[in-house]
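Structural description and commentary
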Amino acid sequence: MPPPPPPLPGEGSAPAPLERLLAAVPADVRAVFSARTLRPLLPEHDRTGTLLHTLETFLHHDASWSRTAAALHLHVNTVRYRIQRIEHLTGRVLTRLSHRLDLRAALLCRAGAGEGAA
């Protein structure tokens, strides 16, 4: 699977507010939240990891179809299809900010699963 997208300009090494907030949540709670939220996109259900990587890239590019397509070297319709699959599998609609935030938080919890924070 390809590496995660690089930080956007202006994103330093300091954690963003959401990351700082999640760091205060117990690690076991973060792990459960991430697993439940992302379960349909995890390798057990999506062997290639394509949907999870597409979601990460889509959110990283502020839900821009064209920038996501360019970053993944795909046609924009392929990105639209994958996002529709993600929405169907997760029960979240990525045009809704609260749903994007849920998925972003789950990705951050998953990324920090190996870190010890209380």
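Residues numbered from 1 in each chain as written. Predicted model: local features only at pLDDT ≥ 70, side-chain atom pairs only at ≥ 80, totals over all residues. Heavy atoms only, no water.

L38, L41, L55, I86 and L94 are the most contacted members of the largest nonpolar core, which has 16 residues in total. At the level of secondary structure, the elements contributing two or more residues to this core comprise α3 (50-60), α5 (76-90) and α6 (97-111). Ranked by the residues each element gives to this core, the list is headed by α3, at five residues. Dropping the residues within four chain positions of it, L55 is found in contact with L38, L41, I86, L94, L103 and L107. (Core = buried A, V, L, I, M, F, W, Y, C linked by side-chain atoms within 4.5 Å. Buried < 20%, exposed > 50% of the residue type's maximum accessible area, 1.4 Å probe, protein only. Helix = DSSP H or I, 4+ residues; strand = E, 2+ residues; numbered from the N terminus. Contact = heavy atoms within 4.5 Å.)

On to the pattern of salt bridges, then. Counted by the stated rule, this structure contains one salt bridge. Residues R92 and D102 are paired through a salt bridge, measuring 3.3 Å at the closest nitrogen-oxygen approach. Pair noted here: R92 is in the loop between α5 and α6 and D102 is in helix α6, with a separation of ten residues, a long-range link. (Salt bridge = Lys/Arg side-chain N within 4 Å of Asp/Glu carboxyl O.)

All right, on to the confidence of the model for the chain then. With 82% of its residues at a pLDDT of 70 or more, the chain has an overall mean of 86. Here residues 114-118 is modelled with pLDDT under 50, and outside its nearest four sequence neighbours on either side it reaches eleven contacts, counting other chains as well. (pLDDT = per-residue confidence, 0-100.)

Turning our eyes to something else, we now look at the environment of Q84. Note that Q84 resides in helix α5. On the basis of relative accessibility, which here comes to 51%, the residue Q84 falls in the exposed class.

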